[in-house]
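Architecture at a glance
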Amino acid sequence: MASMVPDVTCPFCGCLCDDVRVVLEGGKVKEIYNGCALSQSRFAEVRRTENRNLQPLVRKGDTKVPVSYDEALNRAVEILADADHALLYGWASTSCEAQIAGIELAELLGASIDDTSSVCHGPSTIGIQDVGYVTATLGAVKNRADVVMYWGCNPFHAHPRHISRYTVFPRGYFRKGREDRKLVVVDPRRTSSSRIADLYVQPEVGHDYEILNALRAMLRGAKVAGPTVGGVSIETLQQMVEMMKRAEFGALYFGLGLSMSRGKHRNVEAALQLVRDLNAQAKWVIGAMRGHYNVAGFNEVCAWETGFPFSVDFTRGYPRYNPGETSAVDLISNGEIDAILTIASDPVSNLPAEVAGKIRTMPAIAVDPFKTLTTEAADVVMPSAVTGIEGPGTAYRMDGVPIELRRICEPPQGLLRDDEIVQGMLQRLKGMGSR
Amino acid sequence: MKAELVLANGTVYDPANGIAGERMDICIREGKIVERVSEGAQRLDLAGKVVMPGGVDVHTHVTGSKVNAGRIMRPEDVRSNVSPRTPLTRSASGFTVPNVYQIGYTYARMGYTTLVEAAVPPLKARHTHEELSAIPILDKASLVLMGNNWLIMKYLSEGRDDLLREYVAWLLEAAKGYGIKIVNPGGTEAWGWGRNVEGVRDKVPHFGITPAEIIKGLLQANEGLNLPTSVHLHANRLGKPGNYSTTLETMELVRNATTRMPRGQVLHVVHLQFHSYGGDGWRNFRSEADKVAAAVNSSSNITVDAGAVVFGWSTTMTADGPFEHDLQRLTHLKWTNADVEAETGAGVVPHFYSMKNAVSVVQWCTGLELLLLIKPDRIFLTTDHPNAGSFSKYPQIIHLLMSRKYRDAMMEKLNPVCKKSVLASLDREYTLYDIVKITRAGTAKALGLLQKGHLAPGADADVAVYDLKPDSTEGLEKALSSAHLVLKDGTTVVRDGRILAAPIGRTYWVKCPPTSKRDEMIDGLREHFRYYTIQLGNYPASEEHLMRSSPVVPEVSS
Amino acid sequence: MDLTLITGRTINQGRGTMTDRLGGFHQRNSAVIQMNGDDLRELGLDTRSLVRVTSAFGQVVLKAEEAEEELPRGLAYIPYGPWASTLVGSDTGGTGMPSFKGMKVRVQREAAADIRPATALGGRADG
């Protein structure tokens, strides 16, 4: 018996599309409509139990043996309570409910907590802390924008429906669609996103800072020495400035090309300042292309719970924030961490290999629905239901709009949700008495 | 188990019931004030202490998208005021953009037990509720932004009052809100194109509707729905020299409007200080508080709150997007903006009110003038937290209101422009009775929270007890910042300024019964959702996000 | 040959993180280095040859491909994953962010070794 569930929110990328239609058969996901290729994979993978963790595991000697959640949670809390300085890392691909519990856990432990922002748009947040963030929800762009620019990101690969559902192709209240909007793509690579652009600009890698500041200077009427800046001709820069000044409503979306390249937060600052400067003459907004479906949510939750958006150190019983010192990569590579809890992320694959190596040398607890290098390396593995498909929760889209995730099918037998697992650790720790 | 308590021998102030400093007992059973309790009830002797209802803050920006954007943008504010966790309390941080725990504990220590979140963008309402649910102790309600909403403007221009009313009812439930908030009507929509509106008769670009029509239309819907509170309005032209004339024009719009609700007012004008300026530029910037005060006093159906300035750092944050852009162009400080599709917008800019700066000092004078000139039944104490200052500074403002001497001492330290102010000539000193009106009795009444702000049987046992000397302001600020005892629903939450318990407060919201127009309105809404980027089914915030959800069901008019 | 390296997402790398993180699909899509066609030819490689890529922080054997999303000469692209991570250093310059984009790498034809599976990577001491 097949049934169709409408208005399902896809839990993969920062677009957090909530118009996915899921066909269930026998209580399992059969197929989906409206979702992009990444979404298709996301919904399909929950069926494939060979890649999933199906029971909690605890390392005993050289092997990991299946145990009950109870035993795994006890062992996890033992590890965390024994540590001098634990790190609770990941968080970007799970619900706000799990994140809220995680922050309380970190505070109670006197540990540090960080999410994947610190290796993604953390520098963007640092830029925002100097300049501010002139932004809008995606629908404001859909309804009004006549110029849309993508800088240092490749939406066709990382946010496949961004252009089609939200910014350029859709009909908005004031715009017909593709025909009355201009698309500009700035990328050192001739990406598939760039192929549909009205204007493609190809800077050299690592020179965005100069280019953005040249645009700011030109906006103020200054003459910038040429013939090129960062590999882009003065004529092209002038063309960009004119297009930006004449926009009725412009939107600039930027990605890791800015936050990860040389200059990092300074590159983002320059982009933020350009948009701020533009507002003296034309209506412009800027938006960070947040990668994971709830990475923006972690920053929101962490900010209301602690005051700070990520990289929070609770070792003194109160929150401290200093990315570069309190951020995951620095903490681990400086040898400051002696135990790690990872949830909803795979740092052993994705962090620099030296950091992955250090994670292997410390007691590690991994909470993940799927088998990853991190779960293979961990001493305690706790499987979880896939949030947004097998368990509900709240998540925040890249533009700060909070959307509900729902349970549309049952997880494999006996699996707990991320928030239940984190609460399980929290309650056991509270039961151990205050430290 | 029946929890009974007698607060005995305190000096009670309960203006809603005409009690002005009488020594009497207050009896409590199961979280409510009652006539009497049994012989065996616990007795707390409060001889020499002042007893009043718990504070009710009518307008504060403490939760949600723009507040959080303020926290994220201002780590320097967050780290300026940090305290570690204790076995009973979570770690607290921030001064003008405090974290949720700082908010709850600070308000509770000050003897406040209810707060109203001033502005919620409906698309992001669940964010507001996630934060409100995390604030310990206090009961909450929130006001939903409607003054730049596309569907509302559409219904107004089509003359469909019936569908407008139905949509307002639906929107309040979808956002789990308690009342209607209007901010710079039409102006934030104009800001969607980088523009603004210049007055109540200025047409909103494209929609062709005027701010006057928006205000009157929503007022009519508010009264038609018998909502517990009136429309709350942040008028056009906030912060601009000479804007007092717009404020007077705005208040004139509602001269003949009436309500049958016990609150009495049809309009609550927020942070009036920011809307009471004369002059036509920064050089001749001055206060016109006396003219504005006269207009409020001569009206019969308007209440206001002060938005009084506190010197030092603040964080301005408002749904008045274009105002924040203008402020940023003036001060060049960091600026966050967040337009919300089809509905509203927001802006956040830090601001420093300087004792040496003539404009800051005029603003400070303006707020106090309004508080001293407007009848205490009509004006309430706020700092439009955190726009004019942190709510934690309410005790300082109370001190200024109660002591001419303290005002004079302060004015000695300020830019001499204050010497020529109306404030300098005002002798009035607030009595404690009037302070209680402007911080709890009056606010609760204006909000239609009939079980708050007073101590008669039937009221919630939200009680604040202070170590105050009724006839002296000595030690006033410390006493008001750090209450001797605070009860929330009869449970002790604060003693001698320390948090003893952090129970979860209620969230009040309005649940209007649908009418025969509901289906037609929903059909139109489905059409309208083409302009959103979220599905209609996913838009409403679910009740699960609310802690102790407490819906209020208004009576239906025939 | 010395090149500038960018690491980043691709749609198949993304799908690989969901379908098969420890297995073949992920490896086929992430254990690759995309290069400019002329650079490949100068190294005497055809598309899908093996190369050894070395940065200041590590080295890894990958399949070389001509980038469909054209790269200018001197630029190379490796999708995120444990192969890319061997080349990324942990110094964040006080920002919290390591250098995932813009590092200098040396690319040489690899005759002997094969691509290591993901399970052999991720900072393994024996790796």
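As the structure is a computational prediction, the values presented were derived from the model and not from experiment. (Residues numbered from 1 in each chain as written. Chains lettered and ligands numbered in written order. Predicted model: local features only at pLDDT ≥ 70, side-chain atom pairs only at ≥ 80, totals over all residues.)

Each helix and strand counted, chain C has four helices and six strands in total. Mapped from its N terminus to its C terminus, chain C presents α and β elements in the order β-α-α-β-α-β-β-β-α-β. In terms of overall dimensions, chain C is globule-like: its C-alpha atoms have a radius of gyration of 14 Å, near the 14 Å expected for 127 residues. If you line up chain C on its principal axes, its C-alpha atoms span 35 × 35 × 30 Å. Taking all 127 residues of chain C together, 54% fall into the buried category. Contacts spanning at least 24 positions in sequence make up 73% of the contacts within chain C whose residues lie at least 6 apart. (Helix = DSSP H or I, 4+ residues; strand = E, 2+ residues; numbered from the N terminus. Rg over C-alpha atoms; globule rule 2.2 N^0.38 Å. Buried ≥ 20, exposed ≤ 12 C-beta atoms within 10 Å, placed from the backbone. Contact = placed C-beta atoms within 7 Å.)

The subject of this paragraph is unusual backbone geometry. The residue after A:G226, namely A:P227, is reached through a cis peptide bond having omega 5°. Checked against the element boundaries, A:P227 lands in the loop between α8 (208–219) and β12 (228–229). Cis geometry marks the peptide bond from B:H385 to B:P386; its omega dihedral reads -5°. By secondary structure assignment, the location of B:P386 is in the loop between β18 (379–380) and α13 (394–402). The backbone phi angle of B:N184 is positive, close to 40°, even though this residue is not glycine. Tracing the backbone shows B:N184 in the loop between β9 (179–183) and α7 (187–191).

Our focus in this paragraph is the pairing of strand β3 (residues 28–33) of chain A. Looking along a regular strand, one sees side chains alternate from face to face of the sheet. Residue and element names in this part refer to chain A. As paired elements, strand β2 (residues 20–25) and β3 share five bridges and run antiparallel to each other. Considered in β3, the bridge of V22 is made with I32. Remark: two residues form the turn of the hairpin made by β2 and β3, two consecutive strands paired antiparallel; G26 in that turn has positive phi of roughly 60°. (Pairing = 2+ DSSP bridges.)

A word on the environment of A:T326. All names here are of chain A. Its place among the elements puts T326 in the loop between β17 (320–321) and α13 (328–333). Note on T326: 25 C-beta atoms within 10 Å, which makes it buried. Residues T326 and I113 lie 213 residues apart in sequence; the distance between their C-alpha atoms is 8.7 Å. Sequence-distant contacts of T326, that is, excluding residues within four places in its chain, are made with S112, S311, V312, D313, R320, Y321 and L331.

Here the focus is the packing of α8(A) against helix α9 (residues 234–246) of chain A. Residues and elements named next belong to chain A. The interhelical angle for the contact between α8 and α9, taken along N-to-C directions, is 60°, at an axis separation of 10 Å. Our classification of the angle between α8 and α9 gives oblique. Helix-helix and strand crossings are classified by hand; for α8 and α9 the assignment is right-handed. Along its contact with α8, which presents A214, L215, M218 and L219, the element α9 presents L237, Q238, M240 and V241. (Axes fitted to C-alpha atoms, helices over the stretch in contact; angles between N-to-C directions. Parallel < 35°, antiparallel > 145°, perpendicular 65-115°, else oblique. Left-handed = near helix turned anticlockwise from the far one by under 90°.)

This part takes up the sheet that holds strand β1 (residues 2–8) of chain A. All names here are of chain A. The strand order across the open sheet formed by three strands is β1-β2-β3, and the pairing between neighbours is antiparallel. Strands at the two margins of the open sheet, each flanked by one partner only, are β1 and β3. Strand-to-strand, the axes of this sheet are offset by a mean angle of 30°, without reference to chain direction. Inspection of the sheet shows β1 paired to β2 by five bridges, in the antiparallel sense. Bridge pairing links V5 to V22 in β2.

All names here are of chain B. Along its sequence, chain B is carved into domain 1 (4–52 + 456–499) and domain 2 (55–447). A straight line from the C-alpha centre of domain 1 to that of domain 2 covers 29 Å. The interface is formed by 24 residues belonging to domain 1 together with 25 residues belonging to domain 2. Looking at the side of domain 1 that touches domain 2, the elements that each hand over two or more residues are β2 (19–29), β5 (50–53), β19 (463–466), α16 (476–481), β20 (485–488) and β21 (491–495). Counting residues per element, the side of domain 1 that touches domain 2 draws most heavily on α16, at four residues. Looking at the side of domain 1 that touches domain 2 residue by residue, the classes come out as 16 nonpolar, five polar and three charged. (Domains from an automatic or database assignment. Nonpolar A, V, L, I, M, F, W, Y, C, P; charged D, E, K, R; others polar.)

In this assembly, 47 residues from chain B lie in contact with 54 residues from chain A. Elements that contribute at least two residues to the side of chain B that touches chain A include exactly α1 (65–73), α2 (75–78), α4 (125–134), α11 (321–331) and β16 (336–339) of chain B. Here the side of chain B that touches chain A is composed, by residue class, of 18 nonpolar, 18 polar and 11 charged. By the bridge criterion, three bridges tie strand β8 (residues 134–136) of chain A to β16(B) in an arrangement that is parallel. Within the sheet, the bridge partner assigned to A:A136 lies in β16(B) and is B:D339.

For α4(B), a buried count of 10 out of 10 residues is recorded, marking the element as mostly surrounded by other parts of the structure. If you check which residues of α4(B) are buried, you get B:A125, B:R126, B:H127, B:T128, B:H129, B:E130, B:E131, B:L132, B:S133 and B:A134.

A few words on α9(A). Residue and element names in this part refer to chain A. The first and last C-alpha atoms of α9 sit 18 Å apart over 13 residues, in line with the 18 Å expected at 1.5 Å per residue. Those residues of α9 not exposed but buried are L237, M240, V241 and M244. Down the axis of α9, the sector holding all buried residues measures 100°, keeping them to one side. Seen from the open side of α9, the exposed residues pointing more than 90 degrees away from its buried face are E235 and E242. (Expected span 1.5 Å × (residues − 1). Arc of directions from axis to C-beta.)

This part takes up the pairing of strand β14 (residues 302–305) of chain B. Residue and element names in this part refer to chain B. Residues of β14 alternate between two faces, with I302 and V304 on one and T303 and D305 on the opposite face, all of them buried. Pairing geometry for strand β11 (residues 267–269) and β14, over three bridges, is parallel. Paired with L267 across the bridge in β14 is I302. In terms of strand pairing, β14 meets β18 through two bridges, oriented parallel. In the strand pairing of β18, V304 is matched with I379.

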